[in-house]
Amino acid sequence: MNTMTIGKKLSAGFAVLGLMMAFIGGFSLLEFSTMNRAAIGFTDSILPAVVRTSTLGETINAVRRYELDVFLVADDPQQQAHYRNESEKSLREAGQQIAAHDATIWAEDVEERRTFDIVKADWEKYLGLHQRIRQMQDSGQMAEAQHLFMGEGVTLYTNLAKSVGDLVRINHGYADASRKVVVAAYDSAKLSVTLSLLVGLVLVVCLSVVLTRQIRDPLIMLARQAQRIASGDLGKSELQEWIRTSRFNRDELGQLGSAIDRMQGALASLVSEIAGSVSQLSSAVEEVSAISEQSAKGMASQQSEVSQVATAMNEMQSTVNEVARNTTDAMSAAKEASRTSTQGNQVVRSAIGSIEQVSQQIEQAGTVVSQLEADSASISMVLDVIRGIAEQTNL
């Protein structure tokens, strides 16, 4: 059973229950059939025999009573004829009942056959007496007929009533025996069915216990193991003990237990790898932090240099303004020299010399302006580089 799947275990359990129910049903039918045969034998044979023998006794009593009535109404011919007809009718009925009962006696019923033969013999004797009394009555010998009726007739009737009573008692004995058989069959059937039900109940309980141990216990253990895994406990536990001691059967629950064990191992390995990755990530974060700190220091230094460049640009702007003023003054002087050029050659030459000096200064100023333009371009490049670094470092 340890190698059977859960489906096969359940199928086997239901098959056992089905066979058990079939056995109980078949056994119950067998017992009920026995009880039914006993009941049919009682109702179809014994009970009718009891009724026939009891009816025969009543009919013979009726014959005797009607015969007596004939003598009691001897002075009333009409009543006498009526009672004679009734007695004849009862005689025919008694004969028919004796013949009917004769056909129903079983060959193995020796005692009943012997008693019935006595009844038949006594009946024949009494019938012969009846015929003699009838003949006497017909011939007008009422006194002799009455004497015969009250003398020999009493003896024959007593013997006949006794033999019929014996026959009735025998059939009543058969009825009691048949009743005991029916009751015994019923008690046996009841006991057998009760025992079968008890045995079936015990088998059901045993089967339930076995299936419970085969299915419920592993499920409870696997549920506990799943709760441990859900709570983060990935160490050795009850599941590994079950697998080590081979407590799992070779069924779906055993496969589930092995799968959970493999899953637990895989989770433990994954957690270990994640822990290593977290450690490496922590180291990398520390390195990035150091790099960020260095970048911050570099940015502070670049900011200081940019401030210095801005100061230099302001000084250069002042110089440019000074050069522009000097240029304006030179232009004024040139105009003044042009107006006074006519005053004399020396003044002109002096003015030309001054102009040449101003031109040289202007060239020098142009050179300074060019140099300033180049410095401004360099400063722009530096600012672009700083802006790119700032964008990369999210500053």
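Everything below is about the structure printed above this text.
Within every chain, residues take consecutive numbers counted from 1 along the sequence as written. For a predicted model such as this one, the threshold for reporting local features is a pLDDT of at least 70, and the threshold for listing and counting side-chain atom pairs is 80 or more; totals across whole chains, interfaces and linings nevertheless cover every residue. To obtain the side-chain values, all non-hydrogen atoms of the structure were used and water was disregarded.

Novice: Even after reading the chapter, I still don't get the overall build of the protein chain, so can you show me in this structure?
Specialist: The helix and strand labels rest on DSSP assignments: H or I over at least four residues marks a helix, E over at least two residues marks a strand, and numbering proceeds from the N terminus. For the protein chain, the count of helices and strands is 8 helices and 0 strands. Secondary structure elements of the protein chain occur, N-terminal to C-terminal, as α-α-α-α-α-α-α-α. Classification of the 395 residues of the protein chain by burial places 27% in the buried group. Note on areas: Shrake-Rupley with a 1.4 Å probe; residue coverage comes only from the protein chains shown. Surface exposure of the protein chain reaches about 25,400 Å², of which carbon and sulfur atoms provide 59%. Think of it in three bands: with a 1.4 Å probe and only protein chains considered, a residue is buried below 20% of the maximum accessible area for its type, exposed above 50%, and partly exposed in between.

Novice: Is there a simple way to explain the nonpolar core in this structure?
Specialist: Generally speaking, a soluble globular protein has its nonpolar side chains buried in company with each other. We call a set of buried residues a nonpolar core when its members are Ala, Val, Leu, Ile, Met, Phe, Trp, Tyr or Cys and they connect through side-chain atoms within 4.5 Å of each other. If you look at the biggest cluster of nonpolar residues, it comprises 23 residues, and the most contacted ones within it are Leu-56, Ile-60, Trp-123, Tyr-126, Ile-133, Leu-160 and Val-164. Counting only elements with at least two residues in this core, the list comes to helix 1 (6-72), helix 2 (77-104), helix 3 (110-138), helix 4 (142-150) and helix 5 (152-230). Working rule for contacts: check all heavy atoms of both residues, and any pair within 4.5 Å makes them a contact. Among residues more than four places away in sequence, those in contact with Ile-133 are Phe-71, Ala-145, Leu-148 and Phe-149.

Novice: I'm lost on empty space enclosed by the protein in this one. Help?
Specialist: A probe as big as a water molecule, rolled over the atoms, marks out the empty space that is left. Here a cavity denotes grid points, spaced 1 Å and computed from the protein atoms alone, that fit a 1.4 Å probe unable to get out, and a pocket denotes an open set having protein on both sides within 12 Å along at least 5 of 7 lines; residues with an atom within 4 Å of a point are the lining. Grid points are joined across faces, edges and corners, and a volume is the space filled by probe spheres set on the points. Tallied over the entire structure, the rule returns 1 cavity of 30 Å³ or more. Approximately 80 Å³ is the volume attributed to the largest cavity. Of all the elements in the fold, those that place two or more residues in the lining of the largest cavity are helix 1, helix 2 and helix 3. A total of 4 residues in the lining of the largest cavity trace back to one element, the largest contributor, which is helix 3. Here the residues of the lining of the largest cavity are counted per class, giving 4 nonpolar, 3 polar and 4 charged. Residue polarity is assigned by list, with Asp, Glu, Lys and Arg as charged and Ala, Val, Leu, Ile, Met, Phe, Trp, Tyr, Cys and Pro as nonpolar; anything else, Gly included, falls into the polar class.

Novice: It is not clear to me how the side chain of Gln-137 should be interpreted in this structure. Could you clarify?
Specialist: With respect to the helices and strands, Gln-137 occurs in helix 3. Contacts of Gln-137, omitting those with residues within four sequence positions, involve Val-70, Phe-71, Arg-84, Met-142 and Ala-145.

Novice: How should the packing of helix 3 against helix 4 be read in this particular structure?
Specialist: A pair of packed helices is characterised by two quantities: the angle between their axes and the separation of those axes. Structural elements are reduced to axes, namely lines fitted to C-alpha atoms, with helices fitted over the stretch in contact, and the angle between N-to-C directions of any two is expressed from 0 to 180 degrees. Remark: helix 3 packs on helix 4, axes separated minimally by 8 Å, with the N-to-C direction vectors making an angle of 160 degrees. Judged by the angle between their axes, helix 3 and helix 4 are roughly antiparallel. The way helix 3 lies across helix 4 gives a crossing that is left-handed. The residues of helix 4 that touch helix 3, namely those facing Tyr-126, Leu-129, Arg-132, Ile-133, Met-136 and Gln-137, are Met-142, Glu-144, Ala-145, Leu-148 and Phe-149. Classifying every residue of the contact of helix 3 with helix 4 by side-chain character gives 8 nonpolar, 1 polar and 2 charged. Oblique is the label for every angle not falling under 35 degrees (roughly parallel), over 145 degrees (roughly antiparallel), or within 65 to 115 degrees (roughly perpendicular). Left-handed is the label given to a crossing in which the near helix is rotated counterclockwise from the far helix by less than a right angle, and right-handed is the label when the rotation is clockwise.

Novice: What is the right way to look at helix 2 in this model?
Specialist: Note that an α-helix has 3.6 residues per turn; residues three or four places apart therefore point the same way. Each residue after the first adds 1.5 Å to the expected span of a helix. Relative to the 40 Å expected for 28 residues at 1.5 Å per residue, helix 2 spans 41 Å between its end C-alpha atoms, a close match to the ideal helical length. Within helix 2, the full set of buried residues consists of Gln-80, Tyr-83, Arg-84, Ser-87, Glu-88, Ser-90, Leu-91, Ala-94, Gln-97, Ile-98 and His-101.

Novice: Please clarify how helix 4 should be interpreted in this entry.
Specialist: Listed in full, the buried residues belonging to helix 4 are Ala-145, Leu-148 and Phe-149. Along the axis of helix 4, the buried positions cluster into a sector of 100 degrees, meaning they face one direction only. Of the exposed residues in helix 4, those oriented more than 90 degrees away from the buried face are Ala-143 and His-147. Here, the arc refers to the directions that run from the helix axis to the C-beta atoms.

Novice: Explain the packing of helix 2 against helix 3 to me, please; I cannot follow it from the model alone.
Specialist: One can describe the packing of helix 2 onto helix 3 by two numbers: an axis separation of 12 Å at closest approach and a directional angle of 160 degrees. Between helix 2 and helix 3, the interaxial angle falls into the category roughly antiparallel. Here helix 2 runs over helix 3; the crossing is left-handed. Residues Arg-84, Ser-87, Glu-88, Leu-91, Ala-94, Gly-95, Ile-98, His-101 and Asp-102 of helix 2 form the contact with helix 3, whose participating residues are Glu-112, Arg-113, Phe-116, Lys-120, Trp-123, Leu-127, His-130, Arg-134, Gln-137 and Asp-138.

Novice: Got a minute to help me understand the side chain of Arg-84 in this structure?
Specialist: Following the sequence through the fold, Arg-84 ends up in helix 2. The residues touching Arg-84, leaving out its near neighbours within four places in the chain, are Val-70, Arg-134, Gln-137 and Asp-138.

Novice: What am I meant to see in the environment of Ile-170 here?
Specialist: For Ile-170, the position within the fold is in helix 5. In the structure, Ile-170 is positioned 59 residues away from Glu-111 in sequence and 8.1 Å away in space, judged by C-alpha atoms. The residues contacting Ile-170, other than those within four sequence positions of it, are Glu-111, Glu-112 and Thr-115.

Novice: Got a minute to help me understand the packing of aromatic side chains in this structure?
Specialist: The geometry of an aromatic ring pair is captured by the separation of the ring centres together with the interplanar angle, meaning the angle of the planes. Only Phe, Tyr and Trp rings take part, Trp by its six-membered ring, and two of them pair if their centres are within 6.5 Å. Stacked means planes under 30 degrees apart, edge-to-face means over 60, and tilted covers everything else. In total, this model carries 3 aromatic pairs according to the counting rule given. Centre to centre, the rings of Phe-71 and Phe-149 are 5.2 Å apart; their planes meet at 40 degrees, and the pair counts as tilted. Separated by 78 residues along the polypeptide, Phe-71 in helix 1 and Phe-149 in helix 4 bring together distant segments of the chain. Classification of Phe-149 by relative accessible area gives buried; the value is 2%. Aromatic pair Tyr-126 and Tyr-157: ring centres 6.3 Å apart, planes at 55 degrees, arrangement tilted. Taken together, the residues span a long stretch of sequence, with Tyr-126 in helix 3 and Tyr-157 in helix 5 at a distance of 31 residues. Per residue, the accessibility class of Tyr-126 equals that of Tyr-157, and both read buried. The ring of Phe-149 has Arg-64 lying over it, and the distance from NZ or CZ to the ring centre is 3.6 Å. Directly above the aromatic system of Tyr-66 lies the positively charged group of Arg-65, at a separation of 5.4 Å from the ring centroid. Lysine and arginine charges are scored as sitting over a ring when NZ or CZ, respectively, is within 6 Å of the ring centre and within 35 degrees of the ring normal.

Novice: Just checking my understanding: could you explain the pattern of salt bridges for this structure?
Specialist: One side chain can pair with another of opposite charge once the charged atoms of both are near each other. In what follows, salt bridge is the name for a side-chain nitrogen of Lys or Arg lying within 4 Å of a carboxyl oxygen of Asp or Glu. Across all of its chains, the model carries 9 salt bridges by this definition. Ionic pairing is found between Asp-117 and Arg-113, a salt bridge with its closest N-O pair at 3.9 Å. In this pair, Asp-117 and Arg-113 both sit in helix 3, 4 residues apart, roughly one turn of the helix. Using a relative accessible area of 27% as the deciding quantity, one classes Arg-113 as partly exposed.

Remember, this is a structural readout, not a statement about activity or role.
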